[in-house]
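Chain residues, written in single-letter form:
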Amino acid sequence: MFILFTLLLFVENTQLQKIILYKYQENFKTNCTSSFVHKKDQIIFSSQIKTSADNSPGDSILVENIQYDLKRKNSVYEPFCYVFFNGCLQSSDKICYCLSTEHPDVFDIIINVTAFSHFSEAKLRGQMKYLEKIVYSEEISFPTIYDPNKTEVVLNINSKPVDTDKCAVIVNATDQVVIFFNLKHVFDIPFTLRVYDVLKEEHYESDSIFLIHVTEIETRQVYTFKYTVCNLQEYSKNFTCYIDTGRENKLHKVHTQTPDYALATSGLIISTITLLILLMQFLMRSFQKRLQKIEKDMNRRKFFSSIHKIDDESPMEGERKVYEQIPLNGI
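Everything quoted here is computed from the prediction, not taken from an experiment. Per chain, residues are indexed from 1 in the order of the written sequence. Where local features are concerned, this predicted model is filtered to residues with pLDDT of at least 70; where side-chain atom pairs are given and counted, the filter is 80 or more; whole-chain, interface and lining totals use all residues. Calculation of side-chain values draws on the structure's entire complement of heavy atoms; hydrogens and water are dropped beforehand.

Caption draft 1: Quick peek at the sheet that holds strand 14 (residues 160-161). Judged by pairing direction, the sheet is antiparallel, and its 4 strands sit side by side in the order 14-13-16-19 without closing on themselves. Only two strands of the sheet have a single partner each, and these edge strands are strand 14 and strand 19 (210-216). Note: strand 13 (residues 152-157) against strand 14, 2 bridges, orientation antiparallel. The residue bridging asparagine 156 from the neighbouring strand is proline 161, located in strand 14. Strands were regarded as paired on the criterion that DSSP finds at least two bridges between them. Labels follow the DSSP assignment, with helices taken as runs of H or I lasting at least four residues and strands as runs of E lasting at least two, numbered in each case from the N terminus.

Caption draft 2: Spotlight on a nonpolar patch on the surface. Together, Val178, Ile209, Phe210, Ile212 and Val214 line one region of the surface with nonpolar side chains, adding up to about 420 Å² of accessible area. No other element matches strand 19, which puts 3 residues into the nonpolar patch. Inspection of the secondary structure puts phenylalanine 210 in strand 19. Accessibility here uses a 1.4 Å probe with only protein chains present; expressed as a share of the type maximum, an area under 20% marks a residue as buried, one over 50% as exposed, and anything in between as partly exposed. The partly exposed category is assigned to phenylalanine 210, whose relative accessible area is 35%. Every patch collects residues that have over 30% relative accessible area and no salt bridge, joining them within 9 Å if they carry like charges and within 5 Å if they are nonpolar side chains (Val, Leu, Ile, Met, Phe, Trp, Tyr). To measure how exposed things are, a 1.4 Å probe is used in the Shrake-Rupley method; for residues, cover is taken only from the protein chains shown. Every case where a carboxyl oxygen of Asp or Glu lies within 4 Å of a side-chain nitrogen of Lys or Arg is listed as a salt bridge.

Caption draft 3: Looking closely at the side chain of serine 137. For serine 137, the position within the fold is in the loop between strand 10 (134-136) and strand 11 (140-141). Take serine 137: its relative accessible area is 9%, and that puts it in the buried class. Side-chain atoms alone can form a polar contact between residues adjacent in sequence; in general such a contact is a pair of N or O atoms within 3.5 Å, and within protein one must be able to donate a hydrogen while the other accepts it. Within the structure, serine 137 has its side chain in polar contact with the backbone nitrogen of glycine 126 (distance 2.8 Å). The criterion used for residue contact is that any of the two residues' heavy atoms lie within 4.5 Å. Excluding its chain neighbours within four sequence positions, the residues that come into contact with serine 137 are Ile19, Leu21, Arg125 and Gly126.

Caption draft 4: Representation of the pattern of salt bridges in the model. In this structure the tally under the stated criterion is 4 salt bridges. Glutamate 121 is paired through a salt bridge with lysine 73; the nearest N and O atoms lie 3.1 Å apart. On the criterion of sequence distance, the pair formed by glutamate 121 in the loop between strand 8 (106-114) and strand 9 (123-129) and lysine 73 in the loop between strand 5 (65-71) and strand 6 (78-84) is long-range, its members being 48 residues apart.

Caption draft 5: Molecular detail of the packing of aromatic side chains. Two aromatic rings from Phe, Tyr or Trp, using only the six-membered ring of Trp, form a pair when their centres are within 6.5 Å; if the ring planes differ by under 30 degrees the pair is stacked, by over 60 it is edge-to-face, and anything between is tilted. If you walk through the whole model with that rule in mind, you get 12 aromatic pairs. A ring pair is formed by tyrosine 24 and phenylalanine 36, whose centres lie 5.8 Å apart and whose planes are at 80°; its orientation type is edge-to-face. Of this pair, tyrosine 24 sits in the loop between strand 1 (18-21) and strand 2 (25-27) while phenylalanine 36 sits in strand 3 (residues 36-37), and the two are 12 residues apart along the sequence. Just as tyrosine 24 is buried, phenylalanine 36 falls in that class too. Look at phenylalanine 225 and phenylalanine 239: their rings are 5.1 Å apart centre to centre, the planes differ by 10°, and that puts the pair in the stacked class.

Caption draft 6: Expanded view of the state of the cysteines. Pairs of cysteine sulfur atoms within 2.5 Å are identified as disulfides in what follows. Applying the stated criterion to the full structure yields 3 disulfides. One disulfide in the model links cysteine 32 with cysteine 230; its S-S distance is 1.6 Å. Judged by the sign of its S-S torsion, about 115°, the bond between cysteine 32 and cysteine 230 is right-handed. Of this pair, cysteine 32 sits in the loop between strand 2 and strand 3 while cysteine 230 is found in the loop between strand 20 (221-229) and strand 21 (232-245), placing the two residues 198 residues apart along the sequence. We note that cysteine 32, like cysteine 230, is buried. Covalent S-S linkage joins cysteine 81 and cysteine 96, the inter-sulfur distance amounting to 1.6 Å. Here cysteine 81 and cysteine 96 share a disulfide; its torsion about the S-S bond, -40°, makes the bridge left-handed. Separated by 15 residues along the polypeptide, cysteine 81 in strand 6 and cysteine 96 in strand 7 (residues 96-100) bring together distant segments of the chain.

Caption draft 7: Quick peek at unusual backbone geometry. Located in the positive-phi region is lysine 39, a residue other than glycine, with phi close to 70°. Turning to its location among the elements, lysine 39 is positioned in the loop between strand 3 and strand 4 (42-50). Unusually for a residue other than glycine, glutamate 121 sits at a positive phi of about 60°. Look at glutamate 121 and you get partly exposed, because its relative accessible area is 36%.

Caption draft 8: Spotlight on the sheet that holds strand 21. The 5 strands lie next to each other as 15-21-20-17-18, forming an open sheet whose pairing is mixed. Every interior strand has two partners, whereas the edge strands, strand 15 (167-171) and strand 18 (202-206), have only one. Put simply, the sheet's adjacent strands are angled 20° from each other on average, direction ignored. Where strand 20 meets strand 21, 9 bridges bridge the pair, whose relative direction is antiparallel. Along strand 21, the bridge assignment pairs threonine 228 with serine 236. Structural elements are reduced to axes, namely lines fitted to C-alpha atoms, with helices fitted over the stretch in contact, and the angle between N-to-C directions of any two is expressed from 0 to 180 degrees.

Caption draft 9: How the structure looks around the pairing of strand 4. For strand 4, a buried count of 7 out of 9 residues is recorded, marking the element as mostly surrounded by other parts of the structure. Strand direction decides the pairing type here: strand 1 and strand 4, joined by 4 bridges, are antiparallel. Residue pairing across strands places isoleucine 19 opposite isoleucine 49, the latter belonging to strand 4. Here strand 2 runs beside strand 4; their pairing, made up of 3 bridges, is antiparallel. What sits directly across from glutamine 25, in strand 4, is isoleucine 44. Two strands pair when backbone bridges link them, and strand 4 and strand 8 are joined in this way by 9 bridges, in the antiparallel orientation. Bridge pairing in strand 8 links isoleucine 49 to phenylalanine 107.

Interpretation note: all reported values are geometric properties and have no functional meaning in isolation.
Structural data, given as C-alpha cells:
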C-alpha cells in the first residue's frame with residue numbers, strides 16, 4: 001500500500017520536477033569576441049534540475065542519472081555527458097559536474113566544453129532519468145565556431161579563378177585588370193584584406209567581405225595579398241601574384257608563368273661553375289704530379305750517365321765528379 005501511494009505521488013508531482021538548460025556563457029580567449037575559435041575558447045553551459053515537488057522533498061533518491069545529449073548538423077541525438085546522480089556526490093565525466101545548492105532537491109550542473117569546430121551550431125538537450133520516466137529539457141544551440149584552418153581564399157583576376165599557391169597570370173594589354181579578393185568560412189568575425197602593389201608601392205585595404213581593385217597593366221606587375229583575422233598574426237596569411245601583359249614574347253610568357261624559373265636557372269649556372277672549378281683543380285694536381293715524375297726520371301738518367309766517365313779519370317777525380325753530379329735531393 002505504501003509503495004502504491006509513493007508511485008501515485010511521484011506521478012502527480014513529475015510536472016513540477018524539471019531540468020532547465022541555460023544558454024552558454026561567453027568565455028573568449030582571443031580577440032575574436034564575436035565568435036568562438038576552434039580549440040582556443042571554452043563554451044560553458046549551466047543547467048538546473050529540480051528533483052521533487054515542493055511538498056514532496058526526498059524524491060531525488062528516485063533519480064538514476066542526469067544525461068545531456070548532443071545533435072550535430074544532419075544527425076540525431078547522441079549521449080554527450082552524464083552524471084550518476086546521488087545527491088551530487090559523484091560525477092562520471094569531467095565535462096559535466098554537479099553542484100549542490102541551499103535547497104536539498106535543487107542542483108546545478110555545469111557543462112564545460114572546448115570549442116571544437118564540429119560542435120558549431122549543434123543542439124544540446126538534457127534529460128533527467130527516473131526509474132520509470134524521463135524528463136527532458138528544452139534544446140539549446142551551440143554557438144558558431146570559427147576554424148582558421150578552414151578559411152578559404154578566393155582570388156579572381158578578370159573573372160577567372162587563380163591558384164594562390166602559384167599565382168602567375170597573363171592578361172591582354174588592352175584590357176583593364178579587375179582583381180577580386182575574398183574570404184570564405186569566416187562567419188561574422190572581424191578580418192582585414194590587404195593588397196600591395198610592389199612597383200607603385202601602394203596599399204589597398206578593406207574590412208568588408210571582399211576587396212575589388214581595378215588597374216591597368218603595361219609591364220610585369222607584382223602584387224602581394226594578405227588577410228588577417230581578429231588582428232592576430234596567428235590567423236593571417238599572405239601570398240604573391242605576378243601579372244604580365246600579352247605584349248611579351250612566348251619565351252617570356254613561359255618564364256612569367258613560372259616565377260621560380262629565374263631561381264632554377266641561377267642554381268643550374270652555379271652548379272656548372274662549381275663542377276668546372278673542381279675539374280680544373282683535378283687537372284692541375286695531375287699535371288703537377290706528372291712534372292715531378294719527369295724531373296725525377298731526368299735526375300736518374302744524369303746520375304747513371306756520369307758513372308761511365310769514371311774509367312777515363314783517376315779514382316779520386318772520378319769520385320769527386322760523381323759526388324758533384326749527384327742531385328742534392330737524392331736519387
